[in-house]
Amino acid sequence: MLTKANIADVSRTIAEIQNCLDTKQNLEDVLNLLEDKVSKTDLQYVLSNKVSLEELSRILISKANVHEVNMDLTQVNLKIDEF
């Protein structure tokens, strides 16, 4: 037994098919998505190579001490030049 299709249902189905075809990912889109993907091992590698907060603090304190020493040496050199 054949039944007649509802025109609204057919139109909706055609519109859904067209929408799927319009939004279908092409190869370039898929390659771009894969290129932007970061793997868990990549993230772990990057994080393992990051400077820790303690190490950064130590470096900054060391730099501050070096800067102070340089300022002191500059002052000493200026006094030597005055003599």
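Residues numbered from 1 in each chain as written. Predicted model: local features only at pLDDT ≥ 70, side-chain atom pairs only at ≥ 80, totals over all residues. Heavy atoms only, no water.

Caption draft 1: Geometry of the overall build of the protein. Along its length, the protein carries 4 helices and 0 strands. A principal-axis box enclosing the C-alpha atoms of the protein has dimensions of 115 × 30 × 20 Å. Out of the 83 residues in the protein, the part that is buried amounts to 0%. Total accessible area on the protein is roughly 8400 Å²; 60% of this is exposed by carbon and sulfur atoms. Computed over 9 positive and 14 negative side-chain charges, the separation of the two mean positions in the protein equals 9 Å. (Helix = DSSP H or I, 4+ residues; strand = E, 2+ residues; numbered from the N terminus. Buried < 20%, exposed > 50% of the residue type's maximum accessible area, 1.4 Å probe, protein only. Areas by Shrake-Rupley, 256 points an atom, 1.4 Å probe, with all protein chains shown as cover. Lys, Arg positive; Asp, Glu negative; His and termini not counted. Charge placed at Lys NZ, Arg CZ, Asp CG, Glu CD.)

Caption draft 2: Representation of a nonpolar patch on the surface. On the surface, V51, L53, L56, I59 and L60 cluster together into a nonpolar patch covering about 460 Å² of accessible area. Considering the arrangement of structural elements, one finds L56 in helix α4 (residues 53–82). We classify L56 as partly exposed; its relative accessible area is 39%. (Patch = residues over 30% accessible without salt bridge, like charges linked within 9 Å, V, L, I, M, F, W, Y side chains within 5 Å. Salt bridge = Lys/Arg side-chain N within 4 Å of Asp/Glu carboxyl O.)

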